[in-house]
Amino acid sequence: MTGGQVVDEPLPLAAGGRGAADAVRFLRDCQSQALTVRWVPDSDALPFDTALLHHLPPPAPRPASPGRSDGAAVWRSRYAYGLLYHRRGPDFVTVMDRRDPSTSARFTIDQPSLLGTFLAVQEPTALDALDATRREDVSLLADERLVLVTQGWVVALPPRLRRWPVPCTSV
């Protein structure tokens, strides 16, 4: 694959938990660096809504088997670079979310506790390791679909883009 990376082993998304959070962080970081990555999940059945991940590099098509549908086909059809990303400023983060084709949202996270939680969960974090305030912040971020919470683990979804997703003349 020219200009891209191939992941040799299926990414462990099916069981959720730490493995899934690490896999999502890996894909988010690849997106942040505008890297092309070819990968497959360890299962077609995932324990969370994959629409949360449509901004990340989608899984490669799996070989067709009788009776098995390609659940990632929608993901591949909806994926586009820059559907969800964040930019950082002094004491704030701006998030642009265009994953839902019918609506887009822009968030500015500047409340110190919420901002601290968003930055902390850039790395997969056990919910049990967070205090009550941070767990409440995770709940708010999850309500806005900005974090993935799976089997007691949380990880932020918006990549920090290093390459602007639109032509500079459109800004």
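We now turn to the structure provided with this report.

Rules used in this analysis
Within every chain, residues take consecutive numbers counted from 1 along the sequence as written. Only residues with pLDDT of at least 70 are given local features in this predicted model, and only at 80 or more are side-chain atom pairs given and counted; all residues enter the totals for whole chains, interfaces and linings. Hydrogens are left out, water is left out, and the side-chain values use all remaining heavy atoms of the structure. Runs of E in the DSSP output that reach at least two residues are strands. Runs of H or I that reach at least four are helices, and both are numbered from the N terminus. Helix span, as expected, comes to 1.5 Å for every residue beyond the first. Exposed residues in this analysis have more than 50% of their type's maximum accessible area, buried residues have under 20%, and partly exposed residues fall in between, with area computed by a 1.4 Å probe over protein chains only. Directions pointing from the helix axis toward each C-beta atom define the arc. Note on definitions: a residue-residue contact is assigned when non-hydrogen atoms from the two residues lie within 4.5 Å. Here a polar contact is recorded for every N or O atom pair within 3.5 Å, except that within protein the pair must consist of a potential hydrogen donor and a potential acceptor, and residues adjacent in sequence are included only if both atoms are side-chain atoms. Two strands are counted as paired when DSSP detects at least two bridges linking them. Lines fitted to C-alpha atoms define the axes, with helix axes restricted to the stretch in contact, and inter-axis angles between N-to-C directions lie between 0 and 180 degrees. To qualify as a nonpolar core, a set must consist of buried Ala, Val, Leu, Ile, Met, Phe, Trp, Tyr and Cys residues joined through side-chain atoms within 4.5 Å.

1. Some details on helix α4 (residues 132–143)
Because the α-helix completes a turn every 3.6 residues, residues three or four places apart line up on one side. Across its 12 residues, α4 extends 17 Å between first and last C-alpha, which sits within 8% of the 16 Å expected from 1.5 Å per residue. Within the span of α4, buried status applies to Asp137, Val138 and Leu141. Considered in projection along α4, the buried side chains sweep an arc of 105° and stay on one side of the axis. For α4, exposure combined with an orientation more than 90 degrees from the buried face picks out Ala132, Glu136 and Asp143. Tucked into the core, α4 has its buried residues touching β5 (105–109), α3 (112–120), β7 (147–150) and β8 (153–156). Capping the start of α4, aspartate 131 holds a side-chain oxygen 3.1 Å from the backbone nitrogen of threonine 133, two or three residues further along. Immediately downstream of α4, the backbone of arginine 145 shows phi near 65°, a positive value.

2. A few points about the sheet that holds β5
The strand order across the open sheet formed by three strands is β3-β4-β5, and the pairing between neighbours is antiparallel. If you trace the sheet from one side to the other, it starts and ends with β3 (84–89) and β5, each paired once. Ignoring which end each strand starts from, the neighbouring axes of this sheet average 15° apart. Sheet topology places β3 next to strand β4 (residues 92–97); six bridges connect them, and they run antiparallel. The residue of β4 that forms the bridge with arginine 87 is threonine 94. On the sheet, α3 packs against β3, β4 and β5 and is oriented at approximately 65° with respect to β4.

3. A short note on the nonpolar core
The nonpolar side chains of soluble globular proteins are, as a tendency, buried together. Membership of the largest hydrophobic core comes to 37 residues, with the highest contact counts inside it found for Leu13, Val24, Leu53, Val95 and Ile109. At the level of secondary structure, the elements contributing two or more residues to this core comprise α1 (17–32), β4, β5, α3, α4, β7 and β8. Of all the elements, α1 adds the most residues to this core, at six residues. Sequence-distant contacts of leucine 53, that is, excluding residues within four places in its chain, are made with Val24, Phe48, Trp75 and Leu157.

Read these as layout, nothing more, since geometry by itself doesn't imply function.
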